[in-house]
Every structure is written in C-alpha cells, then in structure tokens.
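Fold and geometry: a report
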Amino acid sequence: MSATPDAPLRVLFCIGVNQNFFDLPTGQQKPVWDGTVTMLRQLHEMPGVEVLGTMDDDQHMVGPSDSWPWTCYVLADVADRRTVADACNLFRTVQVGEYGLWRYMKIEARIGRPLPDVTR
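What to know about the pattern of salt bridges
Under the criterion given, the structure shown has 5 salt bridges. Note that Arg 10 is salt-bridged to Asp 77, the shortest N-O span being 2.5 Å. On the criterion of sequence distance, the pair formed by Arg 10 in strand E1 (residues 9-17) and Asp 77 in strand E3 (residues 72-78) is long-range, its members being 67 residues apart. Judged by its relative accessible area of 25%, Arg 10 falls in the partly exposed class. Residue classification places Asp 77 among the buried residues on the basis of a relative accessible area of 13%. Ionic pairing is found between Lys 30 and Asp 34, a salt bridge with its closest N-O pair at 2.9 Å. With Lys 30 and Asp 34 both in helix H2 (residues 30-45), this residue pair falls 4 residues apart, about one helical turn. Judged by relative accessible area, which is 54%, Lys 30 ranks as exposed.

Details of the pairing of E3
Within a regular beta strand, the side chains point alternately toward one face of the sheet and then the other, so they alternate between its two faces. A large share of E3 lies buried, amounting to 6 of its 7 residues. In this sheet, E3 lies alongside E1 in antiparallel orientation, the contact comprising 7 bridges. Counted as the bridge partner of Arg 10 is Asp 77 from E3. Direction of pairing for strand E2 (residues 49-56) relative to E3: antiparallel, over a ladder of 7 bridges. Note that in E3 the partner of Val 51 across the bridge is Ala 76.

Comments concerning the confidence of the model for the chain
Scored by pLDDT, the chain comes out at a mean of 92, with 96% of its residues at no less than 70. Mean pLDDT across the secondary structure elements of the chain bottoms out at helix H1 (residues 19-23), with 95, and peaks at helix H3 (residues 81-93), with 98.

Some points on the nonpolar core
The biggest cluster of nonpolar side chains holds 28 residues, and the ones touching the most others in it are Phe 13, Ile 15 and Leu 101. Those elements that place two or more of their residues in this core are E1, H2, E2, E3, H3 and strand E6 (105-112).

Topic: the packing of aromatic side chains
For the coordinates displayed, the defined rule picks out 1 aromatic pair. A ring pair is formed by Phe 21 and Phe 22, whose centres lie 5.2 Å apart and whose planes are at 90 degrees; its orientation type is edge-to-face. With relative accessibility at 34%, the residue Phe 22 sits in the partly exposed group. Looking at Arg 103, its charged tip hangs above the ring of Tyr 99, at a distance of 3.9 Å from the centre.

Thresholds, definitions, all that
- Residues numbered from 1 in each chain as written.
- Predicted model: local features only at pLDDT ≥ 70, side-chain atom pairs only at ≥ 80, totals over all residues.
- Heavy atoms only, no water.
- Salt bridge = Lys/Arg side-chain N within 4 Å of Asp/Glu carboxyl O.
- Helix = DSSP H or I, 4+ residues; strand = E, 2+ residues; numbered from the N terminus.
- Buried < 20%, exposed > 50% of the residue type's maximum accessible area, 1.4 Å probe, protein only.
- Pairing = 2+ DSSP bridges.
- pLDDT = per-residue confidence, 0-100.
- Core = buried A, V, L, I, M, F, W, Y, C linked by side-chain atoms within 4.5 Å.
- Phe/Tyr/Trp six-rings, centres within 6.5 Å; stacked < 30°, edge-to-face > 60°.
- Lys NZ or Arg CZ within 6 Å of the ring centre and 35° of its normal.

Written out as structure tokens, the structure reads:
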C-alpha cells in the first residue's frame, strides 16, 4: 500500500555524538548540550515538521557513535524532502561557541512511510 501524494514523510532522524565532544575538557560540554536543546526546539517549531517522539540512549551508550546504534533519535512526520534537508541543516546553523553543532554531532535521516495502523 502506498502513501497518498500529499501524505507527510515518516522520518527517523538519527543523531550521533562525534569524538570532538568527548575531546572537550571535563565540564566544558554544557554549551554543546545547550546547542542541542536549541536545535531540538527549532526542529519542533519548524513548519512542516510534527515531532512524534524522541529517544536518547546516553545512559547505556558512552562514547562516539559514528553509525548505528546512534546516541539519540527523533521520529517525525515531515511535509517533504526539502524540509527534511532543512531539518538536517540545523546542525550547520545552530552555533556552539564559534562552531556549528555539526562539529560535535552528526545527523542522518531515514525516510519512509508509516506502517498500517492496525489499532483501528
């Protein structure tokens, strides 16, 4: 079964923490966390994005995550591919000191569609 042409895309944003974060001196990671909160707020407020849920696994995974398993995830319905790209671009535009958030974290988007709703 295919989605209707105007249905939103179901997107899983996969976020990993880079080695640069762990290279920061102890106690100097808070600006990165503040940048992450800023990015999440901007993502929530972005037109065409409906965040459905988030998951953070920083208690059971310590160290950089260059691929699966990722450090955290955001599941969202997104209007179109351009908006997905704009959401990923937040990692370039949100500043952490003199750097973009991408210095400390990476993002990849998986685009699909919802499974059938079997609860109805």
